[in-house]
Amino acid sequence: QLIESFKATLEELIYADVLINVIDISDIDYKNKEKVTIETLKMADVSEAKISNMITVYNKVDLYPYADYSERYNFISAQTGFGIDELKTKLISY
């Protein structure tokens with residue numbers, strides 16, 4: 001049912017150069033939601049290569065005190081602007 005609701009949007013993902021998955025890290029269930037997103041993309045026939053190269057961005061880091069700020073993760077706060085410039089730099093080089 002979810003796939004049908006967003007079918008037109010999901011079909012556009014096939015043509016996207018890069019996928020960016022924005023996760024609300026302050027949500028206690030964020031890890032499960034990340035898994036559901038990947039499963040949904042697979043059900044929508046998005047290629048494994050595109051899913052593997054998807055950029056995951058963790059938003060609301062200002063509300064999550066346990067963040068590991070290593071460079072392998074993309075942490076941002078849309079509220080405060082934290083990490084936005086670093087994310088832009090990564091996207092330009094992508």
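Residues numbered from 1 in each chain as written. Predicted model: local features only at pLDDT ≥ 70, side-chain atom pairs only at ≥ 80, totals over all residues. Heavy atoms only, no water.

(A) Local environment of the nonpolar core. Listed in full, the eight residues of the largest apolar core are L10, L13, L19, L41, A44, V46, I51 and M54. Non-local contacts of L13, meaning those with residues more than four positions away in its chain, are made with L19, L41, V46 and K50. (Core = buried A, V, L, I, M, F, W, Y, C linked by side-chain atoms within 4.5 Å. Buried < 20%, exposed > 50% of the residue type's maximum accessible area, 1.4 Å probe, protein only. Contact = heavy atoms within 4.5 Å.)

(B) Region of interest: the environment of V22. Within the secondary structure layout, V22 lies in strand 1 (residues 20-24). The class for V22 is exposed, based on a relative accessible area of 51%. With 34 residues separating them in the primary sequence, V22 and T56 have C-alpha atoms 6.0 Å apart. Excluding its chain neighbours within four sequence positions, the residues that come into contact with V22 are V57 and N59. (Helix = DSSP H or I, 4+ residues; strand = E, 2+ residues; numbered from the N terminus.)

(C) Up close: the pattern of salt bridges. Following the criterion strictly, the structure yields two salt bridges and no others. One salt bridge connects K60 with D24, and the closest N-O pair in it is separated by 3.3 Å. Separated by 36 residues along the polypeptide, K60 in the loop between strand 2 (55-59) and strand 3 (74-75) and D24 in strand 1 bring together distant segments of the chain. Between D27 and K33 there is a salt bridge whose closest N-O contact spans 2.5 Å. For K33, a relative accessible area of 44% gives the class partly exposed. (Salt bridge = Lys/Arg side-chain N within 4 Å of Asp/Glu carboxyl O.)

(D) Local environment of the layout of surface pockets. In this structure, the largest pocket occupies an estimated 310 Å³ of space. Of all the secondary-structure elements, those providing two or more residues to the lining of the largest pocket are helix 2 (7-13), strand 1 and helix 3 (30-43). Counting residues per element, the lining of the largest pocket draws most heavily on helix 3, at four residues. (1 Å grid on protein atoms, 1.4 Å probe; cavity = no way out; pocket = protein on both sides within 12 Å on 5 of 7 lines; lining within 4 Å. Points joined across faces, edges and corners; volume = space filled by probe spheres on them.)

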